[in-house]
Amino acid sequence: MDEMIQDYEPQATRRDAGDAESSRASRGWWDRNADEYQSEHGGFLGDDRFVWGPEGLDEAEAGLLGPAGSLRGLDVLEIGAGAAQCSRWLAAQGARPVALDLSHRQLQHALRIGADGLWPVQADAGALPFRDGSFDLACSAYGAVPFVADPVRVFREVWRVLRPGGRWVFSVTHPIRWAFPDEPGPEGLTVASSYFDRTPYVEQDEQGRAVYVEHHRTIGDRVREVVAGGFRLVDLVEPEWPAWNGQEWGGWSPLRGNLLPGTAIFVCERGERAA
Ligand SMILES: C[S@@+](CC[C@H](N)C(=O)[O-])C[C@H]1O[C@@H](n2cnc3c(N)ncnc32)[C@H](O)[C@@H]1O
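Residues numbered from 1 in each chain as written. Predicted model: local features only at pLDDT ≥ 70, side-chain atom pairs only at ≥ 80, totals over all residues. Heavy atoms only, no water.

1. With respect to the pattern of salt bridges
Counted only if it meets this: Within this document, salt bridges are pairs made up of a side-chain nitrogen of Lys or Arg and a carboxyl oxygen of Asp or Glu, the two lying within 4 Å of each other. Type-normalised accessible area, obtained with a 1.4 Å probe on protein chains alone, sets the label of each residue: buried when under 20%, exposed when over 50%, and partly exposed for intermediate values. Each helix is a run of DSSP H or I of at least 4 residues and each strand a run of E of at least 2, with the numbering of both proceeding from the N terminus.
Scanning the entire structure with this criterion turns up 17 salt bridges. Notably, a salt bridge pairs Arg 49 with Asp 58, separated by 3.0 Å at the nearest N-O pair. Classification of Asp 58 by relative accessible area gives buried; the value is 10%. Taking the shortest distance from any N to any O, the salt bridge between Asp 221 and Arg 198 comes out at 2.8 Å. With a gap of 23 residues between them, Asp 221 in helix H6 (residues 219-228) and Arg 198 in the loop between strand S6 (162-173) and strand S7 (201-204) connect regions that are remote in the sequence. A residue is classified by how much of its surface remains accessible, and Asp 221, at 11% relative accessible area, is buried. Sharing partners across several salt bridges, the network here consists of Asp 75, Arg 96, Asp 136 and Arg 163.

Pasting the structure below:
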């Protein structure tokens, strides 16, 4: 819901958007907005840190992918990697990361910052171009999952390319945020719509074509999707806003972060059989 770099004013609405329309919109939006995203948030993300969301929870402290030292030698898939900051941190831990993203422009930023020790791949998370059992671990910091109409399809793909027992850890906008306006100030503290309204947020052009799509799920929906994808839910982390973090990121801010969760991180393990 960042500002757009386009010659028309997109219209924001809530309406249905299927997988193909969502994917097409995401690819175009991230290609057009990658430069602005990286110049606005690249400093906070750092070139080679693994940050789970605007609260600044750092994987080096959180250890959600596994204890310190346990990543060495692992094949890791990062989904919706953007400029691959997380993959670069994974490579520094001795892992072999693949940084997958739908957006060519985001991956160009990955190459600009440096692709030593990682492998950038342009693909849709709903159709992963890898053999079964290629990875020990999969992760995603706000990549792909909030933008797809059919997350179970993504989760089943992640299940397929993971080895038995592999972890799948992903962060998304915390579902409670959907009930509030996407504003960092006091106006973002009053419920404006139903938490239970799953109608996607869509920005569309003058012809009614989606140019940006985000999909809302409740916490219960997400748990059911994880299970339907063949995973066990090991933990659900709601990072608290730390005192050191004074920055605003879109609608995420210290004011709201001290009162409401902004990010949900799902820590999952691959079950024996696809559900
Ligand atoms: C909010 S950005 C997060 C990027 C990075 N993980 C970070 O923390 O900066 C979301 C990323 O997901 C990617 N993305 C969106 N839909 C996708 C899809 N269906 N398959 C793969 N990547 C997708 C976008 O291109 C974008 O780079």
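2. Structural notes on helix H1 (residues 19-45)
Under the convention used in this document: Here, expected helix span is obtained from the residue count minus one, scaled by 1.5 Å. Bend angle per residue: angle between axes fitted to the 7 residues ending at that residue and the 7 residues starting there.
In this model H1 runs just 29 Å from its N-terminal to its C-terminal C-alpha over 27 residues, more than 12% under the 39 Å that 1.5 Å per residue would give. The largest bend in H1 amounts to roughly 55° and is located at Asn 33.

3. Concerning the UniProt feature "domain: Methyltransferase type" (unreviewed entry) in the chain
Under the convention used in this document: UniProt positions are given in the numbering used here, feature names are shortened, and annotations may be inferred rather than shown by experiment.
The residues that UniProt annotates with the feature "domain: Methyltransferase type" (unreviewed entry) are residues 77-170. In the segment residues 77-170, helix accounts for 31% and strand for 31%; the C-alpha atoms at its two ends are 11 Å apart.

4. Regarding the pairing of strand S3 (residues 96-101)
Selection criterion: Two strands are said to pair when DSSP picks up at least two bridges between them. Orient the strands so they point away from the viewer; a crossover is then right-handed if the path from the first strand over the helix to the second runs clockwise.
With five of its six residues buried, S3 lies for the most part within the structure. Pairing analysis gives five bridges linking strand S2 (residues 75-79) to S3, with the strands arranged parallel. Directly across from Leu 77, in S3, lies its bridge partner Val 98. Crossover S2 to S3 through helix H3 (residues 85-92) is right-handed.

5. Observations concerning the site of the ligand
Under the convention used in this document: Residues are labelled near a given molecule or strand when at least one of their non-hydrogen atoms is within 4 Å of it. Within 3.5 Å is the distance limit for a polar contact, defined as a pair of N or O atoms, with the added protein rule that one can donate a hydrogen and the other accept it, and that residues adjacent in sequence qualify only through two side-chain atoms. Nonpolar residues are Ala, Val, Leu, Ile, Met, Phe, Trp, Tyr, Cys and Pro. Charged residues are Asp, Glu, Lys and Arg, and all others, Gly as well, are polar.
What surrounds the ligand is a group of 20 residues, the closest being Tyr 37, Gly 80, Asp 101, Gln 106 and Ala 141. Separating a nitrogen atom of the ligand from a backbone N or O atom of Leu 102 is a distance of 3.3 Å. Between an oxygen atom of the ligand and a main-chain N or O atom of Ala 144, the distance comes to 3.3 Å. Among the elements that make up the shell around the ligand, the one with the highest residue count is H1 (four residues). Looking at side-chain class alone, the shell around the ligand contains 12 nonpolar, six polar and two charged residues.

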